[in-house]
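Chain residues, written in single-letter form:
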Amino acid sequence: MTATQDPKTPKDLGPHAIPSYLDPNNIGPYEIFLEQVNRVTPYLGKLAFWVETLKRPKRILVVDIPVHLDDGSVAHFEGYRVQHNTSRGPAKGGVRYHQDVTLSEVMALSAWMTVKNAAVNLPYGGGKGGIRLDPRKYSTGELERITRRYTSEIGLIIGPDKDIPAPDVNTGPQTMAWMMDTYSMNVGRTATGVVTGKPVALGGSLGRADATGRGVFVTGAEAMKKLGMPMEGARIAVQGFGNVGEAAARIFHEHGAKIVAIQDVTGTIASEAGIDPGVALEHLRRTGKITDLPGSEEITRDEFWGVDCDVLIPAALEKQITLHNANRIKARLIIEGANGPTIPAADDLLADKGVTVVPDVLANAGGVTVSYFEWVQDFSSFFWTEDEINKRLDRIMSEAFQSLWAVKEQHGVTLRTAVYIVACTRVLEARALRGLYP
Ligand SMILES: NC(=O)C1=CN([C@@H]2O[C@H](COP(=O)(O)OP(=O)(O)OC[C@H]3O[C@@H](n4cnc5c(N)ncnc54)[C@H](O)[C@@H]3O)[C@@H](O)[C@H]2O)C=CC1
Ligand SMILES: O=C(O)CCC(=O)C(=O)O
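All of these numbers come straight from a predicted model, not from anything done at the bench.

(A) Quick look at the nonpolar core. A119, I236 and A248 are the most contacted members of the largest nonpolar core, which has 121 residues in total. Here this core gathers at least three residues from each of two domains, domain 1 (29-191) and domain 2 (210-363). Excluding residues that lie within four positions of it along the chain, A248 makes contacts with G213, V216, F217, V238, I313, A315 and G337.

Spelled out as C-alpha cells, the structure:
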C-alpha cells in the first residue's frame, strides 16, 4: 500500500470487499450520533445512568405538505421537525430544504443541536427540521406556499418558548420571514421570537448572517495558536461556499490566510496564488457557478481532498470525510463548519495521523449563539449594535474553546470527545435534577 492509498477502503478490495452493511462508510447520520454518545459514556460518571435520554429524541413530527404548484397540480412533500432534547430549555435549531433530507438525518441534526447548545452553555435543548425537496426546482411562489404549509403543520409544537427554528442548508432570512408571518397569523399576534435568522427589518439580529462563519474563524484561530500555526499565509481549503463556507473563507482571507481551494455543488477550483472570496462570490452570483473563475483552475471533486493545505473547512453536508479520503487529507487542522462532516472511523484515522479536528458542535456554534442573541433582543424589544454582538460572540466562542481544550488535555481525548463530555454532562445534570414523574 502506498502512502496515498486509504486503508480499509472497501471498494479497493475487489471480490473481497466488505459487505455494504458492514462498511463503516455506510453509517447513517443518527448512528454516527449514537457512536459519539457511546464514546463519551465512560467519562460521564454517575450521570451515565441517564444516558438513554440522549439516545432517544424526545419528540418527532412527520408532516405531509400538500401544495398547489404553479401549473395547477398538487404536490405532496414530506417534512419533519424533531425535538431531540428539552432538558435545558426550548428546542432550538435550523430547517433544511434538500432532496436527500431523511428522518435519520433530521434526528442526528437535532441531537447535534442539543450537544452544541449545551457546549456553549445556551439555555436551549436541541431541535431541527427539514423538507425533502430540491429547492432549485421550485419557483419563489411555490417555495413560499411550501414553507407556509410546513409552518402551519409544525405549528403544533413550535413557539417562542417551545421550539425556535432558524435557517440551515437552502433556507435563509426570507424563509424565516414566511415562517414568522404564518405562525403569527395562526396565533393572532406578531410573534417575532418564534424563529431566528429573520431579516433585520423583522426583528432579526445584526451579525446573524456572518455569525456561523465568524465562529468558525474564532475557534479555528484559537486552534491555530495552540498548534503554533501562523495565520499569515495559512493555506485554507473550503468545501461549501454558502452561508457558512463563504463567510468563513472571507474572514480568514481578511486576516491574512490564503484560500487555495473552494468546492461547492457546482464544482471545485484551486489556485496557488490564492482565491479572493469576494471576487469568487461575485463570480458565483453572476454566472451561477464557482468554476471558470479567472486565476483558478478546475480540479475534480475527489482531488479536492488531497489539496496541499494547512487547514480544511468542510462547510457543506454530512459524511464528507470518510475512509475513502481521510488518509489523503494534508491539513493539520480541520474546522467543521458543517454538521456531521466526519464519520467516526475517519475521526479515528485523523487522530492517528495527528490531525486536530475542531468539531461541528463547537466550531459552528456561532450561528446559534447569535440566534440566541436575536431571541433575547426580540423578547426585550431592545436591539444591540453589530459591534456589541460580535464582541459577545467572539468572547463566548473563544472562552468555550479554551475551556474545552483544557478538558481535552485533562482526559487525553480528542476535542470532539471533550466537547461531548462537557455538553452531555450539562444535559444529563439537568435531566437528573428535573427527575421523572411520578
Ligand atoms: N446556516 C447556519 O447558520 C449554520 C449552518 N450549519 C451547517 O453548515 C453547513 C452548510 O450550511 P449553510 O452554509 O447554511 O448552507 P447553504 O445552503 O448556505 O450552503 C451550502 C453550500 O454547500 C454546497 N454544497 C451542497 N452540496 C454539496 C456537495 N455535494 N459538495 C460540495 N458542496 C456542496 C452548496 O453549493 C453551498 O455552497 C450545513 O452542514 C449546516 O447544517 C451549521 C451551523 C449553523
Ligand atoms: O441558529 C440556530 O438556531 C440554529 C442553527 C443551526 O441549525 C445549526 O447550528 O446547525
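(B) Just the UniProt feature "binding site: NAD(+)" (unreviewed entry) in the protein, in detail. Taking the UniProt record as the reference, the feature "binding site: NAD(+)" (unreviewed entry) is found at T212 and N243. A stretch of 32 residues holds the annotated residues, and the largest C-alpha distance among them is 7.9 Å, short enough that they meet in one place. Turning to its location among the elements, T212 is positioned in helix α6 (residues 208-227). Not counting chain neighbours up to four residues away, the residues in contact with T212 comprise N243, V244, A247, G337, N364, G366 and G367. Summarising the element assignment, N243 is placed in helix α7 (residues 243-254). We classify N243 as buried; it has 24 C-beta atoms within 10 Å.

(C) Region of interest: the site of ligand 1. Lining the immediate surroundings of ligand 1 are 23 residues, of which G242, D264, V265, A338 and G367 lie closest. At the level of elements, α7 and β7 (258-264) are the ones that each hand at least two residues to the shell around ligand 1. At three residues, α7 tops the list of elements feeding residues into the shell around ligand 1. By residue class, the composition of the shell around ligand 1 is nine nonpolar, 12 polar and two charged. Two domains each donate at least three residues to the shell around ligand 1, and these are domain 1 (29-191) and domain 2 (210-363).

(D) Broad picture of helix α8 (residues 277-287). Within α8 the residues assigned to the buried category are P277, A280, H283 and L284. All buried residues of α8 lie within an arc of 120° about the axis, which places them on one face of the element. Exposed positions of α8 whose direction lies more than 90 degrees from the buried face are E282, R285 and R286. On its buried face, α8 is in contact with α7, β7 and β8 (267-275). Looking one or two places after α8, you find G288, whose phi comes out positive at around 80°.

(E) Representation of the site of ligand 2. For ligand 2, the set of nearby residues contains 13 residues, the closest of which are G94, A166, G367, V368 and S371. Those elements that provide at least two residues to the shell around ligand 2 are β3 (91-98) and α11 (366-380). When the residues that make up the shell around ligand 2 are grouped by side-chain class, the tally is two nonpolar, eight polar and three charged.

(F) Quick peek at the sheet that holds β8. What the seven strands build is an open sheet, ordered β9-β8-β7-β6-β10-β11-β12; its pairing is mixed. Every interior strand has two partners, whereas the edge strands, β9 (297-299) and β12 (356-358), have only one. Within this sheet the neighbouring strands show an average axis-to-axis angle of 20°, counted without direction. In this structure, β7 lies alongside β8, joined through five bridges in antiparallel fashion. Paired with A261 across the bridge in β8 is A270. Across the face of the sheet, α7 comes into contact with β6 (235-239), β7 and β10 (311-314) while running at roughly 170° to β6.

The rules behind each value
Residues numbered from 1 in each chain as written. Chains lettered and ligands numbered in written order. Predicted model: local features only at pLDDT ≥ 70, side-chain atom pairs only at ≥ 80, totals over all residues. Core = buried A, V, L, I, M, F, W, Y, C linked by C-beta atoms within 7 Å. Buried ≥ 20, exposed ≤ 12 C-beta atoms within 10 Å, placed from the backbone. Domains from an automatic or database assignment. Contact = placed C-beta atoms within 7 Å. UniProt positions renumbered as here; feature names shortened; annotations may be inferred. Helix = DSSP H or I, 4+ residues; strand = E, 2+ residues; numbered from the N terminus. Near = placed C-beta within 6 Å. Nonpolar A, V, L, I, M, F, W, Y, C, P; charged D, E, K, R; others polar. Arc of directions from axis to C-beta. Pairing = 2+ DSSP bridges. Axes fitted to C-alpha atoms, helices over the stretch in contact; angles between N-to-C directions.

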